Amino acid sequence: MAITNKEISAAFSAEVTARPGGEHLNRCYSCGACSGACPVSQAIPEFDPRRLIHMIRMGLKERLLSSELLGYCSSCRNCVFVCPQDVKFAEIVGALREMALEQGLLTEEDLLARGKAAWVERDQCVSCLTCVRVCPWRIPVIDQGGRAHIDAKECRACGICPEECPAGAIKLNQSADERLIAAAGGGR
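Residues numbered from 1 in each chain as written. Predicted model: local features only at pLDDT ≥ 70, side-chain atom pairs only at ≥ 80, totals over all residues. Heavy atoms only, no water.

Participant: What am I meant to see in the pattern of salt bridges here?
Facilitator: Where charged atoms from two side chains of opposite charge come close, those side chains can pair. Counting across every chain of the model gives eight salt bridges. Between Arg122 and Asp143 there is a salt bridge, and its shortest N-O distance comes to 2.5 Å. A residue pair is termed long-range when its members are at least 10 positions apart, and Arg122 in the loop between strand S1 (119-120) and helix H10 (130-134) and Asp143 in the loop between strand S2 (141-142) and strand S3 (148-149) qualify at 21 residues. For Arg122, a relative accessible area of 39% corresponds to the partly exposed category. (Salt bridge = Lys/Arg side-chain N within 4 Å of Asp/Glu carboxyl O. Helix = DSSP H or I, 4+ residues; strand = E, 2+ residues; numbered from the N terminus. Buried < 20%, exposed > 50% of the residue type's maximum accessible area, 1.4 Å probe, protein only.)

Participant: Sorry, what's going on with the environment of Gln85 here?
Facilitator: Note on placement: Gln85 falls in the loop between helix H7 (78-82) and helix H8 (89-102). A residue is classified by how much of its surface remains accessible, and Gln85, at 31% relative accessible area, is partly exposed. Separated by 54 residues in sequence, Gln85 and Cys31 have C-alpha atoms that sit 9.6 Å apart. In contact with Gln85, other than residues within four places in its own chain, are Arg27 and Tyr29. (Contact = heavy atoms within 4.5 Å.)

Participant: How should unusual backbone geometry be read in this particular structure?
Facilitator: Note: most residues except glycine have negative phi, and most peptide bonds are trans. Backbone geometry at Ser30 places phi at a positive 60°, although glycine is not the residue there. Ser30 sits in the partly exposed class, given a relative accessible area of 34%. With phi around 55°, Ala157 is a residue other than glycine that occupies positive phi space. Examined against the element boundaries, Ala157 turns out to sit in the loop between S3 and helix H11 (160-164).

Participant: Would you take a moment to explain helix H4 (residues 49-58) for this structure?
Facilitator: By the burial criterion, the buried members of H4 are Pro49, Leu52, Ile53, Met55 and Ile56. One side of H4 holds all its buried residues, which, seen down the axis, span an arc of 155°. Its side-chain oxygen at 3.0 Å from the backbone nitrogen of Arg50, Asp48 defines the N-terminal cap of H4. Once H4 ends, the next one or two residues include Gly59, with phi positive near 85°. (Arc of directions from axis to C-beta. Polar contact = N/O pair within 3.5 Å; in protein donor to acceptor, adjacent residues only side chain to side chain.)

Participant: Help me understand the environment of Asp123, please; the structure alone is not making it clear to me.
Facilitator: Relative to the elements of secondary structure, Asp123 occurs in the loop between S1 and H10. Residue Asp123 is classed as exposed on the basis of its relative accessible area, which comes to 70%. Separated by 46 residues in the primary sequence, Asp123 and Ala169 have C-alpha atoms spaced 7.9 Å apart.

Participant: Could you clarify how one ought to interpret the packing of H4 against H8 in this entry?
Facilitator: Axis angle and axis distance: for two packed helices, these are the angle between their axes and the distance between the axes, and together they describe the pair. Axis separation between H4 and H8 bottoms out at 11 Å; the angle between their running directions is 50°. The angle between the axes of H4 and H8 places the two elements in the oblique class. As H4 packs across H8, the resulting crossing turns out to be left-handed. Mapping the contact onto sequence places Pro49, Leu52, Ile53 and Ile56 in H4 and Phe89, Ile92 and Leu96 in H8. Taken together, the residues that form the contact of H4 with H8 break down as seven nonpolar, no polar and no charged. (Axes fitted to C-alpha atoms, helices over the stretch in contact; angles between N-to-C directions. Parallel < 35°, antiparallel > 145°, perpendicular 65-115°, else oblique. Left-handed = near helix turned anticlockwise from the far one by under 90°. Nonpolar A, V, L, I, M, F, W, Y, C, P; charged D, E, K, R; others polar.)

Participant: For this particular structure, what's the right way to read the side chain of Thr130?
Facilitator: Its place among the elements puts Thr130 in helix H10. If we skip the residues at most four places from it in the chain, Thr130 touches Glu164 and Pro166.

Participant: Would you mind showing me how to read the nonpolar core here?
Facilitator: General note: in soluble globular proteins, nonpolar side chains tend to be found buried as a group. By size, the foremost hydrophobic cluster in this structure holds 50 residues, and its most contacted members are Phe47 and Leu96. Put simply, the parts of the chain that give this core at least two residues each are helix H1 (12-17), helix H3 (39-43), H4, helix H5 (61-65), helix H6 (69-72), H7 and H8. For this core, the element with the highest residue contribution is H8, accounting for eight residues. Beyond its immediate stretch of four places on either side in the chain, Phe47 contacts Cys38, Val40, Ser41, Leu52, Leu69, Tyr72, Cys73 and Phe89. (Core = buried A, V, L, I, M, F, W, Y, C linked by side-chain atoms within 4.5 Å.)

Laid out in structure tokens, this is it:
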């Protein structure tokens, strides 16, 4: 697919590096360690961390922020552990997701549908506080109505609270990256 000048946002790379999570982007020298360690890129060749960084540097803002590629990152952080420059690609994806949400190119409903955020079925919640206790990031909270609430923008989709909820009130769709990794023989 050809790139037109209209598609290029010269300030995109600077926008990413100005955000928490994106500040180490310019350390990347495209060695490919992240791509080699990424289990998602093994199952989904279109998802290549090095290619996504290249898209940022090329200024392909709308193309990247509106693509489903950002939803494929499983946040396993393998890329972070192998990067010789401490680029923290998983955090860059988080910054890109935030940008896509802010610009309306990604919605909370998209996150839920793609398995990138959990939600609470309010009529099933018994307010036991299990989700509040087990979440390492303290994302579930008890709202004014006395029921658990999960902010889709903050949720890491780790699967802990749906697994631990004794009432089965917390739901999490299987994500595309999990389905494809499982199909490639690397699933849980």
